[in-house]
Amino acid sequence: MIRTTFHSGSDECAAWLTLPESAGPHPVVVLVHGGGATHAMMLAQYEQAFANAGLAVLAFDFRHLGESGGEPRQLVDQRRYAQDVDAALTFARSRPELDADRIALWGTSFGASHVLAAAARQQNLRAAVVQCPVFSGRAVVSRAGLRHLLRLTFPVVSDLVRAALRLPRSYVPLVGRPGELAFVNQPGALEGWRSVMPAGYDFDNRITAASGLDMLFYNAASAAPRVRCPLLVCACDQENLIDPAIAGRVAATAPRATLNRYDADHFTVYHPPVVEKILADQIEFLTTHLL
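Each chain carries its own residue numbering, running from 1 in the direction its sequence is written. Local features in a predicted model are, by the rule used here, given only for residues with pLDDT of at least 70; side-chain atom pairs are given and counted only at 80 or more, and totals for whole chains, interfaces and linings are based on all residues. In computing side-chain values, all of the structure's heavy atoms are included and hydrogens and water are not.

Strand pairing is assigned whenever DSSP identifies at least 2 bridges connecting the two strands. Only DSSP runs of H or I covering at least 4 residues are called helices, and only runs of E covering at least 2 are called strands; the numbering of each starts at the N terminus. With mixed pairing, the eight strands of this open sheet are ordered in space as 1-2-4-3-5-6-9-10. For this open sheet the edge positions go to strand 1 (2-8) and strand 10 (257-262), each flanked by a neighbour on one side alone. With strand direction ignored, the average angle separating the axes of adjacent strands in the sheet is 25°. As judged from the seven bridges shared by strand 1 and strand 2 (residues 11-18), these two strands associate in the antiparallel manner. Note that in strand 2 the partner of Thr-4 across the bridge is Ala-15. Contacts are residue-level and defined by heavy atoms, with any inter-residue pair within 4.5 Å sufficient. In this description, a line fitted to the C-alpha atoms serves as the axis of each element, helices being fitted only across the stretch in contact, and the angle between N-to-C directions of two axes falls anywhere from 0 to 180 degrees. Set on the sheet, helix 9 (residues 245-253) makes contact with strand 9 (231-236) and strand 10; between it and strand 10 the angle comes to about 155°.

As structure tokens, this is what we get:
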């Protein structure tokens, strides 16, 4: 694995390039991690599995998160994240060991939204894969009910004012237990987030409060009809963060989509035995379209 960086906006994104043992230039899969997550949270198993199948893998941290630059920290900004995905694709196309004509996108959880939106913008992708997809931020946050949304009003407004005045930002937890003030407080969500962290990992469990507005009004599902490349949607029948029917509607409206369903929830897809099945299906799909 090669630790590297690429520019996005005025900052740098930390990136990791994993190459197969065969001679290049290699087809490449660009990995897009989930909301508030980082490269360190369970992406290694996908990097290694795809590389063993003959595919190069480029993973990165979004700006404001993990090892990437950007201030304030823990900012969720869909416009900036779209720029980061496009910058990652540009970087992949610039590398001599990678084949610029054979590139796929892969996204997990909220990263699936960024992949779907990018696949609608980028007409020269060979394929795209999403798993346990969150295609609507509003569908996650509002699932906890109106009272939950109202509790977030003051922190959001306070943070908007502080941002306008260039003061230090206000934060709220990204994930919490049911009833706690957090953007995601579904049953099992906090335990699920912890289950994808490596031992000793220092998870920064917060986001700038005004990021919630960005999440509420981001609906990547509307981009599905404009996705022209083959798309594999790996959905969870026991999805516990969002209505699983949304993934089905995306698959039904994307022109070249395939829908695979798994008896799993939003977090068990990362662990055996489900991860072995989902990886096998994804590798079959990606090698079909990239090799």
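Our focus in this paragraph is the pairing of strand 2. Here strand 2 lies mainly inside the structure; six of its eight residues are buried. Sheet topology note: the strand 2/strand 4 (residues 56-60) ladder contains four bridges and is antiparallel. Within strand 4, the residue paired with Ala-15 across the bridge is Phe-60. Any residue under 20% of the maximum accessible area for its type is buried, any over 50% is exposed, and the rest in between are partly exposed; the area is computed with a 1.4 Å probe on protein chains only.

To continue, consider the environment of Cys-132. Looking at the element boundaries, Cys-132 is found in the loop between strand 6 (127-131) and helix 4 (137-141). Cys-132 sits 67 residues away from Leu-65 along the chain, and the two C-alpha atoms are 21 Å apart. Apart from the residues within four sequence positions on either side, Cys-132 is in contact with Thr-108, Ser-109, Cys-234, Cys-236, Glu-239, His-266, Val-269 and Tyr-270.

Before going further, it helps to spend a moment on helix 3 (residues 111-121). Buried residues dominate helix 3, accounting for 10 of its 11 residues. Listed as buried for helix 3 are Gly-111, Ala-112, Ser-113, His-114, Val-115, Leu-116, Ala-117, Ala-118, Ala-119 and Ala-120. Contact partners of the buried residues in helix 3: strand 3 (26-32), helix 2 (78-94), strand 5 (98-108), strand 6, strand 9 and helix 9.

With respect to the element layout, Arg-95 can be found in the loop between helix 2 and strand 5. Polar contacts, as counted here, are pairs of nitrogen or oxygen atoms within 3.5 Å of one another; within protein the pair requires one atom able to donate a hydrogen and one able to accept it, and residues that are adjacent in sequence qualify only if both atoms are side-chain atoms. Polar contacts involving the side chain of Arg-95 include one to the side chain of Glu-97, which spans 2.8 Å. Once residues within four sequence positions are removed from consideration, Arg-95 is found in contact with Ile-2, Thr-4 and Leu-17.

With that settled, consider the side chain of Asp-84. Relative to the assigned elements, Asp-84 resides in helix 2. At 2.6 Å, the side chain of Asp-84 and the side chain of Arg-63 are in polar contact. In this view, Asp-84 contacts Phe-6, Ser-8, Cys-13, Phe-60, Phe-62 and Arg-63; residues no more than four positions away in its chain are not counted.

To continue, consider the nonpolar core. Remark: nonpolar core denotes a set of buried residues (Ala, Val, Leu, Ile, Met, Phe, Trp, Tyr, Cys) joined through side-chain atoms within 4.5 Å. Core analysis: the largest hydrophobic core is formed by 101 residues, its most contacted members being Phe-50 and Trp-193. Here this core takes eight residues from helix 10 (residues 274-290), the largest share from any one element. Excluding its chain neighbours within four sequence positions, the residues that come into contact with Phe-50 are Val-29, Leu-31, Leu-55, Val-57, Trp-106, Leu-279, Gln-282, Ile-283 and Leu-286.

Working note: non-glycine residues mostly have negative phi, and peptide bonds are mostly trans. Following Glu-71, the chain continues into Pro-72 via a peptide bond in cis, with omega recorded as 0°. Within the element layout of this structure, Pro-72 appears in the loop between strand 4 and helix 2. Residues Pro-272 and Pro-273 are joined by a peptide bond in cis, for which omega reads 0°. Following the sequence through the fold, Pro-273 ends up in the loop between strand 10 and helix 10. Despite not being glycine, Arg-166 shows a phi value in the positive range, around 60°. Assignment of secondary structure puts Arg-166 in the loop between helix 6 (153-164) and strand 7 (171-172).

Two aromatic rings, drawn from Phe, Tyr or Trp (for Trp, its six-membered ring), form a pair once their centres lie within 6.5 Å of each other, and the interplanar angle then sorts them: stacked below 30 degrees, edge-to-face above 60, tilted otherwise. Enumeration according to the criterion identifies eight aromatic pairs in this entry. Where Phe-60 meets Phe-62, the ring centres are 5.3 Å apart and the plane angle is 85°; that geometry is what we call edge-to-face. Of the residues examined, Phe-62 reaches a relative accessible area of 1% and is grouped as buried. A connected cluster of aromatic rings, assembled from ring pairs, spans Phe-6, Phe-60, Phe-62, Tyr-81 and Phe-91.

With that out of the way, let us pick up the pairing of strand 5. With nine of its 11 residues buried, strand 5 lies for the most part within the structure. Sheet topology note: the strand 3/strand 5 ladder contains six bridges and is parallel. Bridged to Val-29 within strand 5 is Ala-104. Where strand 5 meets strand 6, five bridges bridge the pair, whose relative direction is parallel. Bridge pairing in strand 6 links Leu-105 to Ala-128. The crossover handedness rule: strands pointing away from the viewer, path from first strand over the helix to second strand clockwise, crossover right-handed. Following the chain from strand 5 across helix 3 to the adjacent parallel strand 6, one finds a crossover that is right-handed.

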